[in-house]
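Tertiary structure, described
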Amino acid sequence: MLVKVLLLHSLAFFFLSSNALAQPTVCVASINSEDEEQVMREELTQQGFKFINLLDFQKEGTNWIDNACNHRDSNGEKIRCDVKMISAHFAERFVGDKGQDAMLKLTDLEKWSCQKDDPENNCSGILNPTEVFLMGCNTLAGKEVDRKTGRTIDQYMKNISKYAPADLVQDIAMSRFGPIGSSNQDRVRSVYGDTTKIYAFADTAPTGPQIRKYFRNYFKKINDQHGNYEQHLEKTSLKKIENQRKIAEGALDLLNNTTLKTEVERGSGNVTVITCNGLSAGNAQEKKCFLFNNDPDLLPSNVEQALDLLASEDADQFLPQIAEFFKKNHKDIVKDPEMVRDIQFMLQNSDAAKNLKKMLDELNEFDPDNKVPNSRINLIYLQHLLEHQDGRKEELGKKLKSALKDKNGKLPALVRKNSNIFCEIYYVNFTRMPVSSSDFNEMPKSVDGIAPLRCTKIDQRSGGAFTQAANDIIKKDGAKLTTAQRLKMIRSIQDFPYADNFPELNTFITQQASYPKSDSNKNHIRFQTYAHNNRLLSTNPSTRDDAAIKMLTMNSSFSLQHLLRRVQAGEYKLSPAVIEKAKQIRQTKNPAKNHYRYLTAILGE
């Protein structure tokens, strides 16, 4: 016992001595409201705290958290935060009015937390403050319905659609409420594993202006209790050392400071602050860390671990990450017969297959009206990949179509968010879901309604109905369409049959090939690619080959990608003339590296 006491005192002395040498630092990322940051600066700058704005590391085309984690000052030191505050809307990603480049994904934080043991490439200084403030709705939410607002999953999807990508709304909502995937609370606590105190919200959060007075009162009371905020952090970190001992003994207790919680709840009446500590090394969430590893040499080992995780009692927590892992690595897996055999063996001799069925049953029970089909789609698709049924694509299409239908046996009315479901199936597996006009509740009436059809297989009897719908949209709104909408429309209708019978539609398709180059070279190439892409499905061989040659000679990765997709899907077969042209371009024009790669893939070499 004496040894334990001496050890605790030694650790405490070391922390206080080393901490006294460094200026205490607050790291902030005000992605939406700046109210919290302004109060912290007013209260803590005068106490000697230094502030680092993490958004200063934002650079176009890069991720600011990566830049901040990799940053070293003139002395070679990385950023170290004693306190961290993020203010944003939250739905598996922190977003706000600072724009797309300021967005921070929870997944990116998880990736960095998985690298904490890497001595050179870690982000411990930013991810292990003494206190963390996450000022956004649902940042520490469990799986239960919002305690204060009573929001259902439908209402939640409607709310987050304001600032979450349409194709991810269902996945985020399922992660928040559904039986599949980990809760926000578990994921956040795992990210900030060594943090003594996390302040966040179980459901709705106060607005920026509302939080100002709560924050100000919080710092005033902390100063009254401890002298100043730095003293509070030092004492809290002594509790952190004690908490580490408790965790080692199996007692994961919440710490006692409830000052901010009391202030917010007294002032708002309908907002609950959740306070907790991080989940240190060894927590269940760390089981998924290997899924973030992209080293091809580790793929066989990672596949084995993924199957073990799928066969474990925690499989439902990690299904989204497991499904993403197998989708991402499917092409490399099928090239290795040994990995394929290992997967088949695991499916037959473990609980992996049983867990997949169990999770599908849980999803059916949770969402009987099929309002949130994405998780079903991902699960069925994962089953397909694991069973290596590439030769049974039609069967997969029928399964997925069945999984999408509502209780009346109809597919949902076509809206933009359907695109990711249909197109992911096509782009990854070259499987077009067969659809007919009778499958849907109603015909599309907008560009966003037409968009999902680009990745489906429309039967001949329904071709006229869908083409008529597209023609009606062009006839009504064609002149008002923005460039982005025109791109979306031509991309969507390029495969429609019977275009020649609908003058507005046929004219629209033809016009895009001559989109003025001066307006935007990128859009000019895209429109031309889509127009030629449409001609690859012509019944006239010379028309198809002429389109293929034009796509080869556009000097565009975009056009080569589209030609490759048609070839791989078996929708266009290269003629000798086209093969010869592709070889000439590859040999004589010294194409860029990625062009050479696409040309080689098109030739099947």
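The structure reproduced in this document is the subject of the present report. It should be emphasised that the depicted structure is a prediction, and the values quoted were computed from it without experimental measurement.

1. Topic: the sheet that holds strand 6 (residues 104-105)
Pairing is antiparallel in the open sheet, where three strands are placed in the order 4-5-6. Two strands close off the open sheet at either side, each with one partner strand: strand 4 (89-90) and strand 6.

2. Some words on unusual backbone geometry
You will see that Glu92, though not glycine, has its phi angle at about 65°, which is positive. Here Glu92 is to be found in the loop between strand 4 and strand 5 (93-95). Looking at Glu92, the relative accessible area reads 19%, which means it is buried.

3. Focus: the state of the cysteines
Scanning the entire structure with this criterion turns up three disulfides. A sulfur-sulfur distance of 2.0 Å marks the disulfide that ties Cys27 to Cys81. The sign of the S-S torsion, about -90°, decides the handedness of the disulfide formed by Cys27 and Cys81: left-handed. One end of the pair, Cys27, is in strand 1 (residues 25-30); the other, Cys81, is in the loop between helix 3 (64-70) and strand 3 (83-87), and 54 residues separate them in sequence. As far as the burial class goes, Cys27 and Cys81 line up, both buried.

4. Some remarks on the packing of aromatic side chains
Summed over the entire model, instances satisfying the criterion amount to twelve aromatic pairs. Ring geometry for Phe49 versus Tyr229: centroids 5.7 Å apart, planes at 45°, classification tilted. Placement of the pair is Phe49 in the loop between helix 2 (35-44) and strand 2 (50-53) and Tyr229 in helix 10 (residues 229-248), with a sequence separation of 180 residues. Taken as a pair, Phe49 and Tyr229 share a single burial class, namely buried. Three or more aromatic residues link up through ring pairs in this structure, and these residues are Phe49, Phe133, Tyr199, Phe215, Tyr218, Phe219 and Tyr229. Stacked on the ring of Phe177, the Lys or Arg Arg176 has its end atom at 4.3 Å from the ring centre.

5. Describing helix 2
A large share of helix 2 lies buried, amounting to seven of its ten residues. Residues of helix 2 that are buried include every one of Asp35, Glu36, Glu37, Val39, Met40, Glu43 and Leu44, and no others.

Rules and cut-offs
- Residues numbered from 1 in each chain as written.
- Predicted model: local features only at pLDDT ≥ 70, side-chain atom pairs only at ≥ 80, totals over all residues.
- Heavy atoms only, no water.
- Pairing = 2+ DSSP bridges.
- Helix = DSSP H or I, 4+ residues; strand = E, 2+ residues; numbered from the N terminus.
- Buried < 20%, exposed > 50% of the residue type's maximum accessible area, 1.4 Å probe, protein only.
- Disulfide = S-S within 2.5 Å.
- Phe/Tyr/Trp six-rings, centres within 6.5 Å; stacked < 30°, edge-to-face > 60°.
- Lys NZ or Arg CZ within 6 Å of the ring centre and 35° of its normal.

As far as function goes, none of this settles anything; it's purely spatial.
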